[in-house]
Amino acid sequence: MSFQTALSGLTAASRDLTVTGHNIANANTAGFKGGRTQFAEVYAASSLGLAATQTGSGVRVSGIQQQFGQGSIDFTNNALDLSISGEGFFTFNANGATVYSRAGSLSPDRNGMVVNTQGHKLQVYPPQANGTFDAGRLTDLQLPVGDAPPQATTNVTLGLNLPAASGTAPVNAFDPADASSYSHTTSLTVYDSLGAAHTASFYFVPTDTAGQWDVHSALDGTSTGAPTTMSFDANGALSAPVGGTVTLPALAQANGASDLEITLDLSDATQFGDNFNVTALTQDGFATGRLTGIEVTSGGVVQARYTNGQARALGQVALATFANPQGLQALGDTVWAETYVSGPALRGAGESGSFGSVQSGSLELSNVDLTAELVHMITAQRNFQANAQMISTTDQITQTVLNLR
């Protein structure tokens, strides 16, 4: 019986050393979670009810418990390297099967799909037209290919102050090329439906009526038509046009683009003092854009940035937690699968509920404490040696009994 007891100790110590060696071997594996050997004592079954005199029969390995504690964060120069600070797993599509991992070393494949080193596709919540994300379904994250389409200018906001000393109209009729035919001007770049840039200019001409100005507009130096009259009350506030907005005449484009239809917002215009100054000048169009980079927010929103200054959301990284993470099935390559013991995946996004934040340009390293593992290795080795010595001692006792005469 002593041989079997000591042999069970050797087997358990050997398994413990194997687990320790596995931890040490993966001390530099990104996203790796160390294991811990759990032991349980063994008693021979007895139907005699002699529990007080029952002798144990050794030890067995009752399980290898995975340790899902946070690993340290290592910062990289790759925006697609992702880590999680806190709870959660990344969700991946492994050829149709859903798997989970804490390793976020990602890159695009030949089709622009964002994959990990095993080729599993990162899962995200797809964007919706209203700027939110559809948390009810998952999709593969794919980086955009080609340029971002342009957007024609439809609104121009012009905030300015005109001098109060008006009331004398210029002698010459308005002409964009004749500076004496207007008092003040400002301009900005607008875009047509093909992304071509045009210069929109606005000219301010005082009338013979105090507090009244004619606003002429021109596109690329060509007048757009009749002027708009602006009127100010005795407090310098805009009184006309009502609402402060003016729809300019539609402008045909020679390059085949759609007619340029612009609404001019003058609601912030004032007439104070004797100085002309522009306080706001914005428009909502933009040219064609080339992809310049990918950004990932702490909430897991993946954005594509373009040379035209625009950003487009590609999706929100889908995270998952489990009621019992130790019940996950390890598949290798720092990847786990859901099991009955782990419970179903609870999905969400970064920085929501119990989920941690997503950090772009970083990787979570192994959570193995190398010093602690080396100390544990010595302990497991001593345990193995002690059980081996127990076998040797039992053998000597048995030999002594056999030598009795």
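Worth saying up front: this structure is predicted, and the values here are computed from it rather than measured.

Asks: Give me the lowdown on the overall build of the chain, citing residues and values where you can.
Replies: Along its length, the chain carries two helices and 30 strands. Relative to a compact globule of 405 residues, whose C-alpha radius of gyration would be 22 Å, the chain shows 37 Å and is clearly more extended. Oriented by its inertia axes, the alpha-carbon framework of the chain measures out at about 140 × 45 × 35 Å. Residue burial in the chain is summarised as follows: out of 405 residues, 40% are buried. Only carbon and sulfur atoms are counted for the fraction: they give 51% of the accessible area of the chain, which is about 20800 Å².

Asks: An account of the environment of valine 246 is needed here, citing residue identities and associated values.
Replies: In this fold, valine 246 is placed in strand β18 (residues 245-247). Look past the residues within four positions of valine 246 in its chain and what remains in contact with it is Thr228, Pro241, Ile262, Thr263, Leu264 and Leu266.

Asks: Give a description of the pairing of strand β16 (residues 228-232) that names residues and reports values.
Replies: Summarising burial for β16: four of the five residues are buried, a large majority. For strand β14 (residues 212-219) and β16, the ladder comprises four bridges, and the chain directions are antiparallel. By the bridge assignment for β16, glutamine 212 is matched with serine 231. Relative to strand β17 (residues 238-240), β16 runs antiparallel, the two being bridged by two bridges. Across the sheet, phenylalanine 232 pairs through a bridge with leucine 238, a residue of β17. In sequence, β16 turns back onto β17 through a hairpin of five residues, with glycine 236 there showing a positive phi of about 85°.

Asks: Can you explain the packing of aromatic side chains? Please cite residues and give values.
Replies: According to the stated counting rule, one finds nine aromatic pairs in the structure shown. Relative to phenylalanine 276, the ring of phenylalanine 204 has its centre 5.9 Å away and its plane inclined at 50°; by these criteria the two rings are tilted. Remark: phenylalanine 276 occurs in the loop between β20 (270-271) and β21 (277-283) and phenylalanine 204 occurs in strand β13 (residues 197-206); sequence separation between them is 72 residues. Clustering of aromatic rings is evident, with ring pairs tying together Phe68, Phe89, Tyr100, Phe322 and Trp336.

Asks: Talk me through the environment of glycine 348; I want residue IDs and the actual numbers.
Replies: Relative to the assigned elements, glycine 348 resides in strand β28 (residues 346-348). Given the relative accessible area of 12%, glycine 348 is considered buried. For glycine 348, the residues in contact, after removing those within four places along its chain, are Tyr125, Val317, Ala318, Leu319 and Phe355.

Asks: Can you tell me about the pattern of salt bridges, naming the residues and giving the values?
Replies: In total, this model carries five salt bridges according to the counting rule given. Here arginine 102 and glutamate 364 are joined by a salt bridge, their closest N and O atoms 2.9 Å apart. With a gap of 262 residues between them, arginine 102 in the loop between β6 (97-101) and β7 (107-108) and glutamate 364 in strand β30 (residues 362-364) connect regions that are remote in the sequence. Here arginine 102 and glutamate 364 have matching classes, each one buried. Of the charged contacts, one joins arginine 137 and aspartate 134 as a salt bridge, the two residues approaching to 2.9 Å between their closest N and O atoms. Through salt bridges with shared partners, one network takes in Lys33, Arg102 and Glu364.

Asks: Summarise the nonpolar core; cite the residues concerned and give the values.
Replies: Counting 25 residues, the largest nonpolar core has Leu82, Phe90, Leu122 and Val317 as the members making the most contacts within it. Listing elements by their share of this core, those giving two or more residues are β4 (82-85), β5 (89-94), β9 (121-125), β22 (291-296), β23 (301-306) and β24 (311-317). With sequence-adjacent residues up to four places away left out, leucine 82 is seen in contact with Phe90, Gly104, Leu106, Leu122, Val296, Val317, Val358, Gln359, Ser360, Ser362 and Leu363. With 22 residues, the next largest nonpolar core counts Leu160, Leu188, Phe204 and Ala269 among its residues.

Asks: Which residues make up unusual backbone geometry, and what are the values?
Replies: Put simply, alanine 240 and proline 241 share a cis peptide bond, and its omega is 5°. With respect to the element layout, proline 241 can be found in the loop between β17 and β18. Phi angles above zero are rare outside glycine, and glutamate 351 is one such case at about 60°. On the secondary structure map, glutamate 351 appears in the loop between β28 and β29 (357-360). Owing to a relative accessible area of 52%, glutamate 351 belongs among the exposed residues under this scheme.

Asks: Please set out the side chain of aspartate 81 residue by residue, giving values where relevant.
Replies: Of note, aspartate 81 is situated in the loop between β3 (73-75) and β4. Here aspartate 81 sits buried without a salt bridge, and the closest side chain of opposite charge, arginine 102, lies 14 Å off (N-O distance). Each residue touching aspartate 81, except ones within four places of it in the same chain, is listed here: Thr76, Gly104, Ser105, Leu106, Gln359, Ser360, Gly361, Ser362 and Leu363.

Asks: Lay out the side chain of histidine 198 in plain terms, naming residues and giving numbers.
Replies: Here histidine 198 lies in strand β13. Polar side-chain contacts of histidine 198 include one of 2.9 Å to the side chain of aspartate 192. A polar side-chain atom of histidine 198 sits 2.8 Å from a polar atom in the side chain of aspartate 220. Excluding residues within four positions of it along the chain, histidine 198 makes contact with Leu188, Thr189, Val190, Asp192, Leu219, Asp220 and Gln253.

Asks: Could you give me a rundown of a nonpolar patch on the surface, with the residues and numbers involved?
Replies: Together, Leu370, Leu374, Met377 and Ile378 make up an exposed nonpolar region whose accessible area comes to about 320 Å². Note that isoleucine 378 resides in helix α2 (residues 370-402). For isoleucine 378, a relative accessible area of 45% gives the class partly exposed.

Definitions and limits used
Residues numbered from 1 in each chain as written. Predicted model: local features only at pLDDT ≥ 70, side-chain atom pairs only at ≥ 80, totals over all residues. Heavy atoms only, no water. Helix = DSSP H or I, 4+ residues; strand = E, 2+ residues; numbered from the N terminus. Rg over C-alpha atoms; globule rule 2.2 N^0.38 Å. Buried < 20%, exposed > 50% of the residue type's maximum accessible area, 1.4 Å probe, protein only. Areas by Shrake-Rupley, 256 points an atom, 1.4 Å probe, with all protein chains shown as cover. Contact = heavy atoms within 4.5 Å. Pairing = 2+ DSSP bridges. Phe/Tyr/Trp six-rings, centres within 6.5 Å; stacked < 30°, edge-to-face > 60°. Salt bridge = Lys/Arg side-chain N within 4 Å of Asp/Glu carboxyl O. Core = buried A, V, L, I, M, F, W, Y, C linked by side-chain atoms within 4.5 Å. Lys, Arg positive; Asp, Glu negative; His and termini not counted. Polar contact = N/O pair within 3.5 Å; in protein donor to acceptor, adjacent residues only side chain to side chain. Patch = residues over 30% accessible without salt bridge, like charges linked within 9 Å, V, L, I, M, F, W, Y side chains within 5 Å.

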